Amino acid sequence: MCSPDKILDSWLVLSYKTGNNKALALLVKRWHKKLCRQAFWYTKDMDSAKDIAQDSWQAIINNIHSLKNADQFGSWALTIVTRKAIDYNKKHNKLNRNFQVEGIAENTRDPNQISLEDDKLLKIRKGLRQLQDDKRQILTLFYLEGYSLKEISAILKMPIATVKTRLFRAREKLKSIIKNANYEK
């Protein structure tokens, strides 16, 4: 069963294909930040990520009529962004590892005021920062973005078995990082 978000995206894609330009505006509003985030995973530079997302929108608009299954818009759009970001990195050789996970800023809160849930979240985010990009990306797509293994397979253009293996290894590595950093007691 499709989620309500996928149903809405499908409807917007179909509406745009039939000439409703407002549907495209709504798709952009719903997806632009996600596309920027996806590009940022690769570039580690927000300005470049925004440029890649903008270029991706042009490709999406030009090719949306060839999208056969409208309920796969999200994974299709993320695939376009991923490919453009990889091409950008190849062209510019950007290998900046200074990745910042969005969310709670660790230095801005009084440690005495951090709740147990916030504390767990901070530990996970610290661990995520220490992961290699490919491991962090798999975990984010699966857990934070909510994509299925099949969708991640399409986005990253790799077999489902590879996605499963990488997801397992990423989880194990994150557990190890958290445990070895004395975050766990």
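This one's a predicted model, so the numbers in the text were calculated from it and none came from an experiment. (Residues numbered from 1 in each chain as written. Predicted model: local features only at pLDDT ≥ 70, side-chain atom pairs only at ≥ 80, totals over all residues. Heavy atoms only, no water.)

What to know about unusual backbone geometry
Phi is positive for K44, which is not a glycine, with a value near 60°. Assessed through its relative accessible area of 7%, K44 is described here as buried. Of note in this structure, K157 is not a glycine but carries a positive phi near 55°. (Buried < 20%, exposed > 50% of the residue type's maximum accessible area, 1.4 Å probe, protein only.)

Topic: the pattern of salt bridges
All told, the structure shown has six salt bridges when counted by the stated rule. R30 serves as the salt-bridge partner of D9, at 2.8 Å between the closest nitrogen and oxygen. Of this pair, D9 sits in helix α1 (residues 4-17) while R30 is found in helix α2 (residues 21-43), placing the two residues 21 residues apart along the sequence. For D9, a relative accessible area of 5% corresponds to the buried category. Owing to a relative accessible area of 28%, R30 belongs among the partly exposed residues under this scheme. The shortest N-O distance in the salt bridge between K44 and D133 comes to 3.3 Å. (Salt bridge = Lys/Arg side-chain N within 4 Å of Asp/Glu carboxyl O. Helix = DSSP H or I, 4+ residues; strand = E, 2+ residues; numbered from the N terminus.)

Focus on empty space enclosed by the protein
For the coordinates displayed, the defined rule picks out one cavity of 30 Å³ or more. Considered as a void within the structure, the largest cavity measures approximately 30 Å³ in volume. What lines the largest cavity is simply K34, Q38, L78, L141, E145 and Y147. Of the residues belonging to the lining of the largest cavity, the class tally is three nonpolar, one polar and two charged. Counting residues domain by domain, the lining of the largest cavity receives three or more from each of domain 1 (1-103) and domain 2 (115-184). (1 Å grid on protein atoms, 1.4 Å probe; cavity = no way out; pocket = protein on both sides within 12 Å on 5 of 7 lines; lining within 4 Å. Points joined across faces, edges and corners; volume = space filled by probe spheres on them. Nonpolar A, V, L, I, M, F, W, Y, C, P; charged D, E, K, R; others polar. Domains from an automatic or database assignment.)

Concerning the packing of aromatic side chains
For the coordinates displayed, the defined rule picks out three aromatic pairs. Geometrically, the ring pair formed by W31 and F73 is edge-to-face, given 5.8 Å between the ring centres and 80° between the ring planes. Placement of W31 in helix α2 and of F73 in helix α4 (residues 73-92) is noted, with a sequence separation of 42 residues between them. The two residues W31 and F73 agree in class, both being buried. Geometry around W31 places K34 over its ring, the cationic atom sitting 4.5 Å from the centre. (Phe/Tyr/Trp six-rings, centres within 6.5 Å; stacked < 30°, edge-to-face > 60°. Lys NZ or Arg CZ within 6 Å of the ring centre and 35° of its normal.)

Topic: the confidence of the model for the protein chain
In the predicted model, the protein chain carries a mean pLDDT of 81, and the fraction of residues at 70 or more is 82%. Across residues 94-114 the pLDDT falls below 50, and counting only partners more than four positions away or on other chains, this stretch makes 31 contacts in the model. (pLDDT = per-residue confidence, 0-100. Contact = heavy atoms within 4.5 Å.)

Overview of the nonpolar core
Residues W31, L35, I60, F73 and L156 are the most contacted members of the largest nonpolar core, which totals 46 residues. For this core, the element with the highest residue contribution is α2, accounting for ten residues. Ignoring anything within four residues of it in the chain, the contact list for I60 reads L35, F73, W76, A77 and I80. (Core = buried A, V, L, I, M, F, W, Y, C linked by side-chain atoms within 4.5 Å.)

Looking at the environment of L156
Relative to the helices and strands, L156 is located in helix α7 (residues 149-156). Residue classification places L156 among the buried residues on the basis of a relative accessible area of 11%. The spatial distance from the C-alpha of L156 to the C-alpha of I138 is 9.2 Å, given a sequence separation of 18 residues. Sequence-distant contacts of L156, that is, excluding residues within four places in its chain, are made with Y42, T82, R83, Q137, I138 and L141.

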